[in-house]
Amino acid sequence: MATITEPRRATRRTFQTKLLIDGQWRESLSGRTFETYDPATEELIANVSEGDASDIDLAVKAARKAFDSGPWRKMDARDRGRLMNRLADLIEQNIDELAELETLDNGKPISESRNGDLPLVVDCFRYYAGWADKIHGQTIPVRGKYFCYTKREPIGVAGQIIPWNFPMLMVAWKWGPALAAGCTVVLKPAEQTPLTALRLGELALEAGYPAGVVNIVPGFGETAGAALVAHPGVDKIAFTGEGRTAQIIMKSAADTMKRITFELGGKSPNIVFDDADLDAAIEGAVLGLYLNQGQCCCAGSRLFVQDTVYDKFVDRLAAKVKERKLGDPFDTATEQGPQVDKAQFDKILSYIEKGKAQGARCVAGGERYGDKGFFISPTIFADVKDDMAIACDEIFGPVLSVIKFSDIEEVIQRANTTDFGLAAAVWTRDIGKAHAVADRVRAGTVWVNCYDVFDAAAPFGGFKRSGIGRELGEKALDNYTELKTVTVALD
Ligand code: NAI
Ligand code: MG
């Protein structure tokens, strides 16, 4: 346990910093720890036990035992659902404290963690609680005197590696379908933001999950993460993060033929036609890019605006963005907090410099905000060309590229000129145009006259290099089940 030194920033003073293995909180075998920081103040929050390959091995063995022979294996599906609802109840009972811990470790504004992330976390667990006893197969009319049926069995031990941008929500997206399906899990939270996952581990024990069903090993990607991917006792890896990391994981997972699902980055097109409700489109452009400090895989980072309204739109957008309130993420009026760490902060500033050097017109922001904490002024580049670095690469920060287009054919083709395919949005009052874009944009999610509308029931994931497989919805259960076909001779 560690103690928060500045009580104003969080009501709960102590929190978990150990590994959760086989129902026990333990120090890492090496005794090493790593530091997690408050990105708003750059101050140390806590030293967290640092898991490596030997701790991963213990955690996988615990998960294996719980899956192969523990009470979990024999538990009725309905009782698995009840456990998940109990966890959701406990999260609701501790919702303010969890939101504060998320804001402390990640830097996201408290209004977002409390009113955005946390309600989605609760909803995700409740949604999958409802699925636990509804995962079933089919009867198949085969030739001959046979009775053939399928059943869906849990895939086994799931290794889950998550990022820092939505630390608790990513736990929910991973645990929800895995636990509903009857898998056991070993979770490796991101090294930047381990604290809320550990708190959820405490709540999972309080809810009554049997030992070994959920295991949590904080640590670094190259050590703990890589060991989880390589471990022969793990049946499946679910990963959210950078494409390059996914490629490393894919190669390593090939050795043991693990099932993999990936949710990776994007450079999502947000397309505004001149017949749109422009006030709504401006709101949507701001939400679509600046939510969570721009640290969203589905950020609408390429804003295509039709030439007939382009200049007016850019002026109004810039005025709106300049009003955004940056500052202490614990202030309920704050709209934008700091970036998660120095590495992300430096990466974003380097892209801002590239945008300027390559000739894009900076109409808002363009520099650091303040002199303490990893804050960056919300930035807009206008007159961005398709081949500029700021139009091609995922920046993962509050930097918006506004691009001019003239007609629908052209914009669809340009929107698709990217290796990514996670999300897209279109703004128009013409229903035919909206559906044409939705039909032809190569992306896993298309929003029409809205942005960042998420629901636990709606699948989410990427075309092309934005991922493999889908999370959320009924679809995500496929990631955690194997299909078994049983054929019975009738005489
Ligand atoms: P990352 O992909 O390195 O980290 C994500 C998770 O993977 C963390 O838990 C990390 O410890 C783990 N990891 C790293 N290397 C690993 C390895 N070799 N084997 C197993 N696990 C490993 O992403 P990072 O470095 O935090 O951010 C870099 C960029 O990735 C960001 O600037 C952003 O562009 C993108 N990103 C995309 C996210 C998304 O939601 N799609 C989330 C986070 C980052
Ligand atoms: Mg990395």
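This one's a predicted model, so the numbers in the text were calculated from it and none came from an experiment.

1. Structural notes on the overall build of the protein
Per the secondary structure count, the protein includes 15 helices and 22 strands. The C-alpha radius of gyration computed for the protein amounts to 23 Å, which stays within 12% of the reference 23 Å derived for 491 residues, consistent with globular compactness. Taking the principal axes of its C-alpha atoms as reference, the protein extends roughly 75 × 65 × 40 Å. In the protein, buried positions account for 58% of the 491 residues. Long-range contacts, defined as pairs at least 24 residues apart, comprise 73% of the intrachain contacts of the protein with a sequence gap of at least 6.

2. Considering the pairing of strand 14 (residues 269–272)
What you see with strand 14 is no split at all: Pro269 and Ile271 on one side and Asn270 and Val272 on the other are buried throughout. The sheet contact formed by strand 14 and strand 15 (residues 302–306) spans four bridges and is parallel. Its bridge partner being in strand 15, Val272 is matched across the sheet by Val305. Viewed along the sheet, the connection from strand 14 through helix 10 (residues 278–290) into strand 15 turns out right-handed. Pairing of strand 14 with strand 19 (residues 423–427) involves three bridges; the strand directions are parallel. Opposite Ile271, over in strand 19, you have Val426 as the bridge partner.

3. Quick word on the site of ligand 1
Within the structure, ligand 1 sits among 28 residues, and Trp164, Glu191, Gln344, Lys347 and Glu394 are positioned closest to it. In the model, an oxygen atom of ligand 1 is placed 2.8 Å from a nitrogen or oxygen of the Ile162 main chain. Taking Lys188, its side chain carries an N or O atom lying 3.0 Å from an oxygen atom of ligand 1. Protein contact buries 91% of the 810 Å² of open area that ligand 1 shows by itself. Counting atoms within 2 Å of the grid points, the majority share of ligand 1 lands in the largest pocket.

4. A word on the pairing of strand 8 (residues 146–154)
In this sheet, strand 8 lies alongside strand 7 (residues 139–140) in antiparallel orientation, the contact comprising two bridges. Counted as the bridge partner of Thr139 is Tyr149 from strand 8. From the end of strand 7 to the start of strand 8, which pair antiparallel, there are five residues, and Gly144 there has a positive phi angle of about 90°. Bridge count between strand 8 and strand 22 (residues 481–489): nine bridges; the pairing is antiparallel. Of the residues in strand 22, the one forming a bridge with Tyr146 is Ala489.

5. Some points on the packing of aromatic side chains
For the structure on display, the rule yields 14 aromatic pairs. Consider the rings of Trp447 and Phe454, whose centres lie 5.7 Å apart with planes at 70°: the pair is edge-to-face. The exposure class assigned to Trp447 is buried, which follows from its relative accessible area of 5%. Look at Phe454 and you get partly exposed, because its relative accessible area is 26%. Sitting above the plane of the Phe67 ring, Arg73 keeps its charged end 4.7 Å from the centroid.

6. Topic: the nonpolar core
Counting 101 residues, the largest nonpolar core has Ile91, Trp175, Tyr209 and Leu317 as the members making the most contacts within it. Of the residues forming this core, the biggest block, eleven residues, is contributed by helix 6 (residues 167–181). In contact with Ile91, not counting residues within four places along its chain, are Leu98, Leu118, Val121, Val122, Phe125, Leu200 and Leu203. Listed in part, the 28 residues of the second largest apolar core include Ile348, Val384, Val399 and Val441.

7. Structural notes on the state of the cysteines
Applying the stated rule across the entire model yields zero disulfides. Of all cysteine sulfurs in the structure, the one in Cys297 sits closest to Cys298, which takes part in no disulfide; the separation is 4.7 Å. Look at Cys298 and you get buried, because its relative accessible area is 2%. For the unlinked cysteine Cys362, the closest cysteine sulfur is that of Cys392, found at 18 Å.

8. Considerations on the sheet that holds strand 17 (residues 379–382)
Spatially, seven strands are ordered 16-17-18-15-14-19-20 in an open sheet, and the strand pairing comes out mixed. At either margin of the open sheet sits one strand with a lone partner, and together these are strand 16 (361–364) and strand 20 (445–448). For this sheet the average axis-to-axis angle between neighbouring strands, irrespective of direction, equals 20°. Strands strand 17 and strand 18 (399–405) of the sheet are contacted by helix 12 (residues 342–357), whose axis makes an angle of about 25° with strand 17. Contacting strand 14, strand 15 and strand 18, helix 14 (residues 408–415) crosses the sheet at an angle of about 145° to strand 18.

9. Side note on the packing of helix 4 (residues 95–106) against helix 7 (residues 195–207)
Packing of helix 4 against helix 7 brings their axes to within 9 Å, and their N-to-C directions diverge by 155°. For the element pair helix 4 / helix 7, the angle class is roughly antiparallel. Counting all contacts with helix 4, which are made through Glu97, Leu98, Leu101, Glu102 and Asp105, the residues of helix 7 involved are Leu195, Thr196, Arg199, Leu200 and Leu203. Grouping the amino acids of the contact of helix 4 with helix 7 by side-chain chemistry returns five nonpolar, one polar and four charged.

10. Comments concerning helix 8 (residues 221–230)
Those residues of helix 8 lying buried are Ala224, Gly225, Ala227, Leu228 and Val229. Elements that come into contact with the buried residues of helix 8 comprise helix 1 (53–68), strand 9 (157–161), strand 10 (184–188), strand 12 (236–240) and helix 9 (243–254).

11. Digging into the environment of Ala59
With respect to the helices, strands and loops of the structure, Ala59 is situated in helix 1. Remark: the alpha-carbon pair of Ala59 and Lys320, spanning 261 residues in sequence, is separated by 49 Å. Apart from residues no more than four positions distant in its own chain, Ala59 is found in contact with Ile21, Val186, Asn215 and Val217.

12. Digging into the pattern of salt bridges
Evaluated as defined, the whole model comprises 35 salt bridges. One salt bridge connects Glu283 with Lys320, and the closest N-O pair in it is separated by 3.2 Å. One end of the pair, Glu283, is in helix 10; the other, Lys320, is in helix 11 (residues 310–322), with 37 residues separating them in the sequence. What makes Glu283 partly exposed here is its relative accessible area of 45%. Residue Lys320 is classed as partly exposed on the basis of its relative accessible area, which comes to 30%.

Rules behind the numbers
Residues numbered from 1 in each chain as written. Chains lettered and ligands numbered in written order. Predicted model: local features only at pLDDT ≥ 70, side-chain atom pairs only at ≥ 80, totals over all residues. Heavy atoms only, no water. Helix = DSSP H or I, 4+ residues; strand = E, 2+ residues; numbered from the N terminus. Rg over C-alpha atoms; globule rule 2.2 N^0.38 Å. Buried < 20%, exposed > 50% of the residue type's maximum accessible area, 1.4 Å probe, protein only. Contact = heavy atoms within 4.5 Å. Pairing = 2+ DSSP bridges. Right-handed = clockwise from strand over helix to strand, strands pointing away. Near = heavy atom within 4 Å. Polar contact = N/O pair within 3.5 Å; in protein donor to acceptor, adjacent residues only side chain to side chain. Areas by Shrake-Rupley, 256 points an atom, 1.4 Å probe, with all protein chains shown as cover. 1 Å grid on protein atoms, 1.4 Å probe; cavity = no way out; pocket = protein on both sides within 12 Å on 5 of 7 lines; lining within 4 Å. Sits in = over half its atoms within 2 Å of the grid points. Phe/Tyr/Trp six-rings, centres within 6.5 Å; stacked < 30°, edge-to-face > 60°. Lys NZ or Arg CZ within 6 Å of the ring centre and 35° of its normal. Core = buried A, V, L, I, M, F, W, Y, C linked by side-chain atoms within 4.5 Å. Disulfide = S-S within 2.5 Å. Axes fitted to C-alpha atoms, helices over the stretch in contact; angles between N-to-C directions. Parallel < 35°, antiparallel > 145°, perpendicular 65-115°, else oblique. Nonpolar A, V, L, I, M, F, W, Y, C, P; charged D, E, K, R; others polar. Salt bridge = Lys/Arg side-chain N within 4 Å of Asp/Glu carboxyl O.

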